[in-house]
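# Chains, contacts and geometry: an overview
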Amino acid sequence: MQKNKKILIIAAVVLLLIAGALLLIEGSKKPVPIEGSKTITVTVIQEGVEDKVFTIHTDAEFLRGALEQEKLIEGTESQYGLFVTTVDGVTADESLRQWWNFKDGNGDDLTVGVDSAPIADGDSFQIILATY
């Protein structure tokens, strides 16, 4: 009986340590803002329209701030931040199943919204009018 209690206590401690380690790892994945002046490049891509490249000089720490500074985006607020509906004056047409897709300089989809996407000097982004 005593041996079973020790095993249960050890198992509980191990589980707590694992849970704590996972929380630390997950917390370290949060985007970290970068302060100071920076220059980023944003390319707006639409089918049938020549790509537009914007060079943005900003002190913003996140992508939303830089894009709003240039009046490039509009949208609606949600519990997750800004849902971008309009880019460079073009509104995605929901009836055509369009949406604005944000990608990083490697062409990978952003894993966070524009509110949480940190920017650093020299970063580049693509905003693509996509259809699903």
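If you're wondering where the values come from, they're calculated on a predicted model, not measured in any experiment.

### Structural notes on the side chain of R64
Within the secondary structure layout, R64 lies in helix α2 (residues 63-69). A distance of 2.6 Å separates polar atoms of two side chains, one belonging to R64 and the other to D115. Not counting residues within four places of it along the chain, the set of residues in contact with R64 comprises I73, E77, L82, V114 and D115.

### Things to note about the sheet that holds strand β1 (residues 38-46)
Spatially, 4 strands are ordered β2-β1-β7-β6 in an open sheet, and the strand pairing comes out mixed. In this open sheet, the two strands that pair with only one neighbour each are β2 (49-58) and β6 (98-104). Strand-to-strand, the axes of this sheet are offset by a mean angle of 20 degrees, without reference to chain direction. Of the pairings in the sheet, the one linking β1 to β2 comprises 8 bridges and is antiparallel in character. When the sheet's bridge partners are listed, T43 is paired in β2 with V53.

### Thoughts on the environment of G65
One can find G65 in helix α2. By relative accessible area, G65 is classed as partly exposed at 32%. C-alpha separation for the pair G65 and E50, spaced 15 residues apart in sequence, amounts to 25 Å.

What counts as what
Residues numbered from 1 in each chain as written. Predicted model: local features only at pLDDT ≥ 70, side-chain atom pairs only at ≥ 80, totals over all residues. Heavy atoms only, no water. Helix = DSSP H or I, 4+ residues; strand = E, 2+ residues; numbered from the N terminus. Polar contact = N/O pair within 3.5 Å; in protein donor to acceptor, adjacent residues only side chain to side chain. Contact = heavy atoms within 4.5 Å. Pairing = 2+ DSSP bridges. Axes fitted to C-alpha atoms, helices over the stretch in contact; angles between N-to-C directions. Buried < 20%, exposed > 50% of the residue type's maximum accessible area, 1.4 Å probe, protein only.

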